[in-house]
Amino acid sequence: MDAPNPIEMLLVEDNAYDLELAMRALQKANLASVTHVARDGAEALDFIFGTGVFAGQNMLAGLKVVVLDLRLPKVDGLEVVRRLREQAETRLVPVVMLTGSREQPQIAQAYQLGVTSYVLKPWIFEYYAEVIRDIGLYWLRRNQLPREGK
């Protein structure tokens, strides 16, 4: 079964404050209507692979980008990236890691696992809103993904 309205962005964030800021920024840029939120890595994987509460649903149909935090409950962001890159159907889905971690080993590991972009979370709302808006505008409106079967 296909999703009635294709989800273009999966936002994976466990921090309620960061999530509220992100959704507010996406709404202000008129991008929130295409966003699904997962609050941990396990929920994100269920959404992407159509398992758990999403069993039987093709949530990949319109997915243009996954934006996820590094430190997540249940399954961390690096493991989410690893699992996405293991499967042919999700290997090309862009993954933007949006995190507060500036640790070089984690940044290197994220890229080695196949993250598309690694963006640091600003701590000032105006800058955070700008980063979220820019991510949404670029990945949802500007970036071109390969079409299936073309």
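For the structure, see preceding data.
All right, on to the pattern of salt bridges then. Per the stated rule, a full pass over the model turns up 12 salt bridges. Between Glu13 and Lys121 there is a salt bridge, with the nearest N and O atoms lying 2.8 Å from each other. Of this pair, Glu13 sits in the loop between strand 1 (9-12) and helix 1 (16-28) while Lys121 sits in the loop between strand 5 (117-120) and helix 5 (125-142), placing them 108 residues apart in sequence. Note on accessibility: Glu13 and Lys121 belong to one class, buried. Residues Asp40 and Lys74 are paired through a salt bridge, measuring 3.7 Å at the closest nitrogen-oxygen approach. Within this pair, whereas Asp40 is found in the loop between strand 2 (35-38) and helix 2 (41-49), its partner Lys74 is found in the loop between strand 3 (65-68) and helix 3 (77-86), the two being separated by 34 residues in sequence.

Moving on, we get to the packing of helix 3 against helix 4 (residues 104-113). Packing of helix 3 against helix 4 brings their axes to within 9 Å, and their N-to-C directions diverge by 15°. Comparing the axis directions of helix 3 and helix 4 gives the class roughly parallel. You can see that helix 3 and helix 4 cross each other, and the crossing is left-handed. On helix 4, the residues touching Leu78, Val81, Arg82 and Arg85 of helix 3 are Gln106, Gln109, Ala110 and Leu113.

Alignment of strand 4 (residues 95-99) against strand 5, held across four bridges, turns out to be parallel. If you follow Met97 over to strand 5, its bridge partner there is Tyr118. With helix 4 bridging strand 4 and its parallel neighbour strand 5, the resulting β-α-β unit is right-handed.

Now for helix 2. Within the span of helix 2, buried status applies to Gly41, Ala44, Leu45, Phe47 and Ile48. The arc enclosing the buried residues of helix 2, seen along the axis, measures out at 160°, which places them on a common side. Where the residues of helix 2 are buried, they touch strand 1, strand 2, strand 3 and helix 3. The backbone nitrogen of Ala42 lies 3.0 Å from a side-chain oxygen of the residue at the head of helix 2, namely Asp40.

Reading the values: rules and limits
- Residues numbered from 1 in each chain as written.
- Predicted model: local features only at pLDDT ≥ 70, side-chain atom pairs only at ≥ 80, totals over all residues.
- Heavy atoms only, no water.
- Salt bridge = Lys/Arg side-chain N within 4 Å of Asp/Glu carboxyl O.
- Helix = DSSP H or I, 4+ residues; strand = E, 2+ residues; numbered from the N terminus.
- Buried < 20%, exposed > 50% of the residue type's maximum accessible area, 1.4 Å probe, protein only.
- Axes fitted to C-alpha atoms, helices over the stretch in contact; angles between N-to-C directions.
- Parallel < 35°, antiparallel > 145°, perpendicular 65-115°, else oblique.
- Left-handed = near helix turned anticlockwise from the far one by under 90°.
- Contact = heavy atoms within 4.5 Å.
- Pairing = 2+ DSSP bridges.
- Right-handed = clockwise from strand over helix to strand, strands pointing away.
- Arc of directions from axis to C-beta.
- Polar contact = N/O pair within 3.5 Å; in protein donor to acceptor, adjacent residues only side chain to side chain.

That's the geometry; what it means functionally is another story.
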